[in-house]
Each structure stands twice: as structure tokens, then as C-alpha cells.
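Each chain is listed here by its residues.
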Amino acid sequence: MIPFGLTGAEAALVAAGMVVAGYVRGYSGFGFAALVMLFAALVTDPFPFVPVVILADILMTVGQARGIWAHIDWHRVAGLFAGCLAGVPLGVAAVDWAGADLGRAGLSVFVLAMCGLLLAGWRIGRQGHAAHVGVGAVSGLANGMAVGGLPVAVFFTAEGLAPAVFRATVIAYFTALDLWSLPVLWQAGQITRDSFVATAFGLPFMLIGLWLGGRRFASTSPQDFRRFAILLLAGLSVAGLLKSVM
């Protein structure tokens, strides 16, 4: 039985989106959840897919752990996670109270503005613990809309982080964020049987994309990685903004 009441054609489109999203995650470390949500929104209400992308994200990290472990900056992960501890419950509550469109639109406009600055060569240099806690709080809030990666990706791009450290640290932080988000979503009644069925259905497609993206990352240059990250952020923000106003 296809989860969330999807037809065969609708499920096929979402599966294709999962391959694309897996590729992007394998290459850049972020954008996976936003892309799955974007493809799901083409055929159905995307918010039941929030637990799906979180469950899948955790499972994919298990497969990537060996390759990224040496590059993870744990001090950054700790600061971001400290911030998201408060941000995640607030983000889930805000979506239940006000809906996601207003928050998604505001975040999209902010990220687009930051992309313009990044393309112009803006850098901020390495930031301290307090800045990471603040970004983690914003990320936790945004994760109620399954776009918690965008603030972190903007922050790391502005810092000019080396691609291997960027990718590994983002993946490690997202895993911690996901593990914290799951009980919050469960308490809010957002995790259902269909969440697990959809995860099992989609995981093979995601893993294909993940493998292809990882192979592409191995041959990329820092300049190409930075350009890809900025363009991906801009594209996701435009898509989020259009979804909010249409």
C-alpha cells in the first residue's frame, strides 16, 4: 500500500525527487530535506514527509560515518546543537500555530539576500561559540519546516569553511538535530505508520543518489563546491518563496 494516499504516478515523482535529493546530500551535505519536501509539494501536502526525511537522514548518516568522521569539527557541532535544543520545539509549535508559509517566506528572503552577498565575495571569518549557538537556534526553528539546513549552510559558506569540513560537520550536526527532532515530532503526533512505510519505500532511491553525489564530491574543487552551495541555497530559497506565496 502506497503511503500518504499517493497514486502510483505521484509516488514515482517523489521517488525521483529522492534520488535528486540524495545526490545533493552526498555531494554537499545539505539540501536533502528541502528537496524532498519540494518534490512532495508538487503532488500532496508535504508536511507528513518531515518525519520521513528525518528518519532517512539518520539512516544515510550511518552509511557515511566512516568517510566523514575525520573531518567533523565537533566544537561547531556542539555550539549548533546547543542552540537547536530550544529552537526545535519552538519551530514545531510555530508551524502548528501559524502554518509554515509565513516562516518559509521570511527565511527564503533572508537566505536569498545572503546568497547575493556570498556571490559578491562576502566573508565573515571564523566565528565563536556564541555565533554557532545563535545559528543553531535559527536552524532549530527552521527545522519545523524541514529547512533547518539553510541557515547553517549560509553560515558555513560565509565562513569559507573547507569543503570536506563543511560537508562532514553539516552532516554530523543534522544527525544530532534529527535525533532531537524525532521525540518532539512524536509528542506532537506527527509520526505515523505511513512515516515508516514511506521511509522504507524511499530509502533505496535516496541511497542511489547519495552514492552518486559522494563520487562527485571526491573530484570537486573548493571553488566549484562553494559555487554549488550558493546556487543550491538560492534555488531552494526561490522554490520556498514561490511555495509560500502561491
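Worth saying up front: this structure is predicted, and the values here are computed from it rather than measured.

1. As for the overall build of the protein
Then step 1. Assigned secondary structure in the protein consists of ten helices and zero strands.
Then step 2. Secondary structure elements of the protein occur, N-terminal to C-terminal, as α-α-α-α-α-α-α-α-α-α.
Then step 3. A compact globule built from 246 residues would reach a C-alpha radius of gyration of about 18 Å, and the protein, at 17 Å, matches this within 12%.
Then step 4. The principal-axis extents of the C-alpha atoms in the protein amount to approximately 50 × 40 × 30 Å.

2. Here's the deal with helix α9 (residues 193–218)
Then step 1. When the terminal C-alpha atoms of α9 are compared, their 37 Å separation across 26 residues agrees well with the 38 Å that a helix rising 1.5 Å per residue should span.
Then step 2. Buried residues in α9 make contact with α1 (8–28), α2 (32–41), α3 (50–68), α8 (163–187) and α10 (222–245).

3. Details of the packing of α2 against α3
Packed helices, taken two at a time, are described by their axes: the angle between them and the distance between them.
Then step 1. Orientation of α2 relative to α3, taken along the N-to-C sense of each, is 140°, at an axis distance of 10 Å. Classed by the angle they form, the pair α2 and α3 counts as oblique. As for how α2 packs across α3, the hand of that crossing is right-handed. Mapping the contact onto sequence places F32, A33, V36 and M37 in α2 and V50, V53, A56, D57 and M60 in α3.
Then step 2. Each residue belonging to the contact of α2 with α3 can be placed in one class, and the counts come to eight nonpolar, no polar and one charged.

4. Quick word on the pattern of salt bridges
Then step 1. Taken as a whole and judged by the stated rule, the model has six salt bridges.
Then step 2. In this structure, D57 and R25 form a salt bridge, with 2.5 Å as the shortest nitrogen-oxygen distance. Here D57 is found in helix α3, whereas its partner R25 is found in helix α1, with 32 residues between them in sequence.
Then step 3. On the basis of relative accessible area, D57 is assigned to the buried category, the value being 6%.
Then step 4. R126 is the salt-bridge partner of D73, the closest N and O atoms lying 3.6 Å from each other. Taken together, the residues D73 in the loop between α3 and α4 (74–98) and R126 in the loop between α5 (101–119) and α6 (129–142) connect sequence positions 53 residues apart.
Then step 5. With a relative accessible area of 15%, D73 lands in the buried category.
Then step 6. In the salt-bridge network here, residues are joined through shared partners; they are D73, R76, R126 and E159.

5. Remarks on the packing of aromatic side chains
Then step 1. Counting across every chain of the model gives twelve aromatic pairs.
Then step 2. When the ring of Y27 is compared with that of F228, the centres are 4.5 Å apart and the planes differ by 75°; the resulting orientation is edge-to-face. In this pair, Y27 is assigned in helix α1 and F228 in helix α10, connecting sequence segments 201 residues apart.
Then step 3. What makes Y27 buried here is its relative accessible area of 3%.

6. Some thoughts on the packing of α1 against α3
Then step 1. Where α1 meets α3, the closest approach of the two axes is 12 Å, and the angle between their N-to-C directions is 45°. Put simply, α1 runs oblique to α3. Here the hand of the crossing between α1 and α3 comes out right-handed. Across the interface between the two elements, M18, R25 and G26 of α1 pack against V52, D57, M60, T61 and Q64 of α3.
Then step 2. The residue inventory of the contact of α1 with α3, partitioned by class, reads three nonpolar, three polar and two charged.

Procedures and definitions
Residues numbered from 1 in each chain as written. Predicted model: local features only at pLDDT ≥ 70, side-chain atom pairs only at ≥ 80, totals over all residues. Heavy atoms only, no water. Helix = DSSP H or I, 4+ residues; strand = E, 2+ residues; numbered from the N terminus. Rg over C-alpha atoms; globule rule 2.2 N^0.38 Å. Expected span 1.5 Å × (residues − 1). Contact = heavy atoms within 4.5 Å. Axes fitted to C-alpha atoms, helices over the stretch in contact; angles between N-to-C directions. Parallel < 35°, antiparallel > 145°, perpendicular 65-115°, else oblique. Left-handed = near helix turned anticlockwise from the far one by under 90°. Nonpolar A, V, L, I, M, F, W, Y, C, P; charged D, E, K, R; others polar. Salt bridge = Lys/Arg side-chain N within 4 Å of Asp/Glu carboxyl O. Buried < 20%, exposed > 50% of the residue type's maximum accessible area, 1.4 Å probe, protein only. Phe/Tyr/Trp six-rings, centres within 6.5 Å; stacked < 30°, edge-to-face > 60°.

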